[in-house]
Amino acid sequence: MLIFNGSIFMPSVLTLTGIPGLESVQCWIGIPFSVMYLSAVIGNSLILVIIKYEKSLHKPMYIFLAMLGATDIVLSTCILPKMLGIFWFNLPEISFEACLLQMWFIHSFQAVESGVLLVMALDRYVAICDPLRHATIFSQRLLTRIGVGVTLRAAVLVAPSILLIKCRLKLYRTTIISHSYCEHMAIVKLAIEDIRINKIYGLFVAFTILGFDIIFVTLSYVQIFITVFRLPQKEARFKAFNTCIAHICVFLQFYLLAFFSFFTHRFGSHIPPYVHILLSNIYLLAPPFLNPIVYGVKTKQIRDHVLKMFFSKKTP
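Parameters and conventions
Residues numbered from 1 in each chain as written. Predicted model: local features only at pLDDT ≥ 70, side-chain atom pairs only at ≥ 80, totals over all residues. Heavy atoms only, no water. Phe/Tyr/Trp six-rings, centres within 6.5 Å; stacked < 30°, edge-to-face > 60°. Buried < 20%, exposed > 50% of the residue type's maximum accessible area, 1.4 Å probe, protein only. Disulfide = S-S within 2.5 Å. Helix = DSSP H or I, 4+ residues; strand = E, 2+ residues; numbered from the N terminus. UniProt positions renumbered as here; feature names shortened; annotations may be inferred. Contact = heavy atoms within 4.5 Å. Axes fitted to C-alpha atoms, helices over the stretch in contact; angles between N-to-C directions. Left-handed = near helix turned anticlockwise from the far one by under 90°. Nonpolar A, V, L, I, M, F, W, Y, C, P; charged D, E, K, R; others polar.

Novice: Explain the packing of aromatic side chains residue by residue, including any values.
Specialist: Any pair of aromatic rings gets described here by the distance separating the centres and the angle formed by the planes. One pass over the full model with this rule turns up 12 aromatic pairs. Both rings, one in Trp104 and one in Phe105, keep their centres 5.2 Å apart while their planes meet at 70 degrees; by these two values the pair is edge-to-face. The class of Trp104 is partly exposed, set by a relative accessible area of 24%. Classification of Phe105 as partly exposed rests on a relative accessible area of 28%. Relative to Tyr255, the ring of Phe254 has its centre 5.1 Å away and its plane inclined at 85 degrees; by these criteria the two rings are edge-to-face. Note on accessibility: Phe254 and Tyr255 belong to one class, buried. One aromatic cluster is present, formed by Phe251, Phe254, Tyr255 and Tyr283 through successive ring pairs.

Right, here's the structure in full:
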């Protein structure tokens, strides 16, 4: 590591502080976070196993749910092991390349999750508004293309933010990141050089992905509600609406947390740093933890198979 006039040239190692201002209680904060992580991994893995081995669930709605579960497992695993290393074992150091890789994984899988929520909304839109064409539209080939497209969109759009850091930012005022994981703006703000391009591109990616997805998810559900309320029978309206409740809950908690975390981190200069960090951590850990609970409770097919798996009596 070379130092010129008090600035650091291309540091090889960075230091994550955890949650600034709450260092004395980080070991206790790690307990609920670890419980959330274990619950997320177990719950989402259970959903994946049920969908894989139950042929009656090999339908677009449940395949998208499996994609969401796999994304949640990867996303939470990108952040929590290192975070617990900081909280419990005083292991704050991370190599510069590993930090960039963690940043790419986190932001890429955030984008993948947003994309999966979008296609789940479109699936419900077609299923309710044009049910006769649903099986034709959501063919196996289309499902494969959707999975590849959502993943590539995230990877391709997030990758330039890493290149902009690696190629443009050479001098850093410090190697200490006031965060519990490697977040884009937390790394960029360490640099001495002009970071406007990095900020602009970060905003572009956020609004291109989250902005685009939330607009089309909202439009899908507006059209769904219009169609549902036009149904003549009350029972039919309730049945159609009930198939969307779980997705609406997941959609609201993901995007509300996303936007609250995003705007407080960039524009909430008067908010204490530990609030920013806690919100960011909750934003990454809460959806993987809550999604299997929401779908397990509100989706009858998943709930029935879970109960069958654990409580069915074996015949002699």
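Novice: Now, about the state of the cysteines: what can you tell me, with residues and values included?
Specialist: As enumerated under the stated definition, the model contains one disulfide in all. Cys99 shares a disulfide with Cys182; S-S distance 1.9 Å. Looking down the S-S bond of the Cys99 and Cys182 bridge, the torsion is -115 degrees, so its handedness is left-handed. Highlighted residues: Cys99 in helix 3 (residues 96-129) and Cys182 in the loop between strand 6 (176-177) and helix 6 (184-188), separated in sequence by 83 residues. A residue is classified by how much of its surface remains accessible, and Cys99, at 0% relative accessible area, is buried. Residue Cys78 stays outside any disulfide, its sulfur separated by 11 Å from that of Cys182, the closest cysteine.

Novice: Could you give me a rundown of the UniProt feature "transmembrane region" (unreviewed entry) in the protein, with the residues and numbers involved?
Specialist: As recorded in UniProt, the sites labelled "transmembrane region" (unreviewed entry) are residues 28-51, 63-89, 101-122, 142-165, 200-228, 240-262 and 274-295. Helix makes up 100% of residues 200-228 and strand 0%. Its end C-alpha atoms lie 41 Å apart. Along residues 274-295, the helical share is 100% and the strand share 0%, with 31 Å between the first and last C-alpha atoms.

Novice: I'd like to hear about the environment of Val217, residue by residue, with values.
Specialist: By the element assignment, Val217 lies in helix 7 (residues 196-229). Spatially, the C-alpha atoms of Val217 and Lys239 are 20 Å apart, while their sequence positions differ by 22 residues. In contact with Val217, other than residues within four places in its own chain, are Leu117, Leu118, Ala121 and Phe251.

Novice: An account of the packing of helix 1 (residues 26-53) against helix 9 (residues 273-298) is needed here, citing residue identities and associated values.
Specialist: Axis separation between helix 1 and helix 9 bottoms out at 7 Å; the angle between their running directions is 35 degrees. For the pair helix 1 and helix 9, the sense of crossing is left-handed. Counted together, Phe33, Met36, Ser39, Ala40, Gly43, Asn44 and Ile47 of helix 1 and Leu278, Asn281, Leu285, Ala286, Pro288, Phe289 and Pro292 of helix 9 form the full contact between these two elements. Grouping the amino acids of the contact of helix 1 with helix 9 by side-chain chemistry returns 10 nonpolar, four polar and no charged.

Novice: If you had to explain unusual backbone geometry to someone new, which residues and values would you point to?
Specialist: The backbone phi angle of Met10 is positive, close to 45 degrees, even though this residue is not glycine. Within the secondary structure layout, Met10 lies in the loop between strand 2 (7-9) and strand 3 (13-16). Of the residues examined, Met10 reaches a relative accessible area of 24% and is grouped as partly exposed. Unusually for a residue other than glycine, Asn90 sits at a positive phi of about 55 degrees. In this structure Asn90 comes out as exposed when scored by relative accessible area, which is 64%.

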